[in-house]
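# Inside the fold
Read off the chains here:
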Amino acid sequence: MKRCIAGLKSMRLLLYAVLLLVLSTGCTGCTIPGSEESTSGKWDSMAIMTWNIQTLFDGVENGTEYDDYRETAGWTREKYRGRLNVIANAIGGMERKPDIIALQEVESAQVLEDLAFALSAQGYGWTGFSIIPGMALGIGLLSRFPLLEVKSHTVYIDGDIAPRPMLEARIDVPPQTADSETGNETNNAMILFVCHWKSKLGGDDATESTRRASARIIVRRIRELAESEPDIPVIVMGDLNENHDDFYRRSGSIICALLPDDPRAAEDVNMYGIDGSAPESAAVIAQLQKDFIVLSRNSPPEPKHFPSGAIILYSPWSAELRDGSYYYRNAWETIDHFLLSGQLFDETGWEFDTCLVINTPPFANVNGYPVMYNNRTGSGMSDHLPLLLFLKRL
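If you're wondering where the values come from, they're calculated on a predicted model, not measured in any experiment. (Residues numbered from 1 in each chain as written. Predicted model: local features only at pLDDT ≥ 70, side-chain atom pairs only at ≥ 80, totals over all residues. Heavy atoms only, no water.)

### Section: the overall build of the protein
When helices and strands are counted, the protein shows seven helices and 18 strands. Within the protein, the proportion of its 394 residues that are buried is 55%. Counting only carbon and sulfur atoms, one obtains 49% of the accessible surface of the protein, whose full area is about 16900 Å². (Helix = DSSP H or I, 4+ residues; strand = E, 2+ residues; numbered from the N terminus. Buried < 20%, exposed > 50% of the residue type's maximum accessible area, 1.4 Å probe, protein only. Areas by Shrake-Rupley, 256 points an atom, 1.4 Å probe, with all protein chains shown as cover.)

### Some thoughts on the environment of Cys256
Position of Cys256 among the secondary structure elements: in the loop between helix H5 (246-249) and strand E11 (258-260). Residue classification places Cys256 among the buried residues on the basis of a relative accessible area of 0%. As a C-alpha pair, Cys256 and Asp291 span 35 residues in sequence and 8.9 Å in three-dimensional space. Those residues in contact with Cys256 that sit more than four places away from it in its chain are Glu208, Arg212, Glu242, Asp246, Phe247, Arg250 and Phe292. (Contact = heavy atoms within 4.5 Å.)

### Some words on the pairing of strand E8 (residues 166-172)
Counting buried residues in E8 gives seven out of seven residues, a clear majority hidden from the surface. With six bridges joining them, strand E5 (residues 147-153) and E8 adopt antiparallel strand pairing. Across the sheet, Lys151 pairs through a bridge with Glu168, a residue of E8. With six bridges connecting them, E8 and strand E9 (residues 189-196) associate as antiparallel partners. Bridging from a neighbouring strand, Glu168 pairs with Phe193 of E9. (Pairing = 2+ DSSP bridges.)

### Digging into the environment of Ala266
Note on placement: Ala266 falls in helix H6 (residues 263-268). When the C-alpha positions of Ala266 and Pro307 are compared, they lie 8.7 Å apart, and in sequence the two are 41 residues distant. Beyond its immediate sequence surroundings of up to four residues, Ala266 is in contact with Met271, Tyr272, His305 and Phe306.

### Considerations on the sheet that holds strand E18 (residues 387-393)
Spatially, the six strands line up as an open sheet ordered E3-E4-E2-E1-E18-E17, and their pairing is mixed. Among the strands making up the open sheet, the edge pair consists of strand E3 (126-130) and strand E17 (350-357). In this sheet, adjacent strand axes meet at a mean angle of 15° when their direction is disregarded. Examined bridge by bridge, strand E1 (residues 45-56) and strand E2 (residues 100-106) share six bridges and lie parallel to one another. Bridge pairing in E2 places Thr50 opposite Ala102. Sheet strands in contact with helix H2 (residues 77-92) are E1 and E2, and its direction is about 155° off that of E1. (Axes fitted to C-alpha atoms, helices over the stretch in contact; angles between N-to-C directions.)

### Concerning the pattern of salt bridges
Tallied over the full model, the rule gives 21 salt bridges. Residues Asp99 and Arg144 are paired through a salt bridge, measuring 2.6 Å at the closest nitrogen-oxygen approach. On the criterion of sequence distance, the pair formed by Asp99 in the loop between H2 and E2 and Arg144 in the loop between strand E4 (138-143) and E5 is long-range, its members being 45 residues apart. With its nearest N and O atoms 3.1 Å apart, the salt bridge here joins Glu224 to Arg220. Placement of both Glu224 and Arg220 in helix H4 (residues 208-228) is noted, with a separation of four residues, approximately one turn of the helix. Since its relative accessible area comes to 40%, Arg220 is described here as partly exposed. (Salt bridge = Lys/Arg side-chain N within 4 Å of Asp/Glu carboxyl O.)

### Notes on the packing of aromatic side chains
By the definition in use, this model includes 14 aromatic pairs. Taken together, a centroid distance of 5.2 Å and an interplanar angle of 65° make the contact between Tyr314 and Phe345 edge-to-face. Of this pair, Tyr314 sits in strand E13 (residues 312-314) while Phe345 sits in the loop between strand E16 (336-340) and E17, and the two are 31 residues apart along the sequence. Of the residues examined, Phe345 reaches a relative accessible area of 13% and is grouped as buried. (Phe/Tyr/Trp six-rings, centres within 6.5 Å; stacked < 30°, edge-to-face > 60°.)

### Some points on H2
For H2, which comprises 16 residues, the first-to-last C-alpha distance of 22 Å matches the rise-based estimate of 22 Å (1.5 Å per residue) to within 8%. Regarding H2, the residues found buried are Tyr80, Arg83, Leu84, Ile87, Ala88, Ala90 and Ile91. Within H2, the buried residues cover an arc of 160° as seen down the axis, which keeps them to one side. In H2, those exposed residues whose orientation departs by more than 90 degrees from the buried face are Glu78 and Asn89. Against E1, E2 and helix H3 (109-118) lie the buried residues of H2. (Expected span 1.5 Å × (residues − 1). Arc of directions from axis to C-beta.)

### Here we look at the confidence of the model for the protein
Looking at the protein, pLDDT values average 87 and 85% of them are 70 or higher. Taken as a whole, residues 1-29 scores under 50 in pLDDT and shows 66 contacts with residues more than four places along the chain or in a different chain. (pLDDT = per-residue confidence, 0-100.)

### What about the environment of Phe193?
Here Phe193 shows up in strand E9. Once the C-alpha coordinates of Phe193 and Ala102 are considered, the two residues, 91 residues apart in sequence, prove to be 9.2 Å apart.

Shown next, in the form of structure tokens:
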């Protein structure tokens, strides 16, 4: 545990210095693909979980908590520890434990350290955390693999700081196997973005600009990585508070932060000239695609209706995933996401395998619906279901 504790403390200090620093598929009856570390010591599969864990506050009051999680409302350290143990037991009881866990709605870096300790048998030796000072909740990562670099991105909208940052982490997955001919080490790194975008509280259209401001950061960083490290895989994950098909749900009336690879969407953002010609340069495409991500149902994610060079990521929704991860007003929503870059489909290194909604107890009730946590009774788990992504090494 020395490595774990030292890693946790140093990561916490680093983050606070960087920024702010601070189906019907589901998985019911499914076969969980892949395995954990093999007897040879090599990893042939990886499982990544993203989960909005719903207001995971500790029992230390610092003034930023929601009213229901203050001492005057009956929230205590004992209730916090009880909930932490329930969460740890749920994750520890999974058939395939995740190697990386991205969490949204976590109060502090200490909460992540506590959860990693509760899951110490699973070996989550590295954590990363980000929060906007003065805000109640942040985002975090637990990882079995080294976090080589962690950045926190501030989201600005009209000159103001949005209440939620984004966390960018570079991970390294052992072993670093040497190529027999060149002697070069195999590149096992990948870039993860952990997100919790602005909710639609205040109106779907009225809040869209803030989600697009978040998408702007993702688009910019992917373009920068394409220039400096064109072979590195990128995974965007978290609660984006936007359905994969919001463009259709809203009758194409507004440019969303997530757009389908659809001719009408491409026309709406003026990606083609009045003569129907595509932009001739990457600079023009970058100017036109500033603050939205194009989603593809095809693997690899190559643009069909948008011009070549547009940032387009694969979404498992409507392919591997069905129904949703969040149930609101008697309808499923697909606001939790994994979005994958084309490098995870090029048959080199790590490859996309499949993705699941974890819709079985204890994460869901017997009917597959999430059960909201009730801080008064201590019952329930979260109002979101986790998603579990599987990668395989070719």
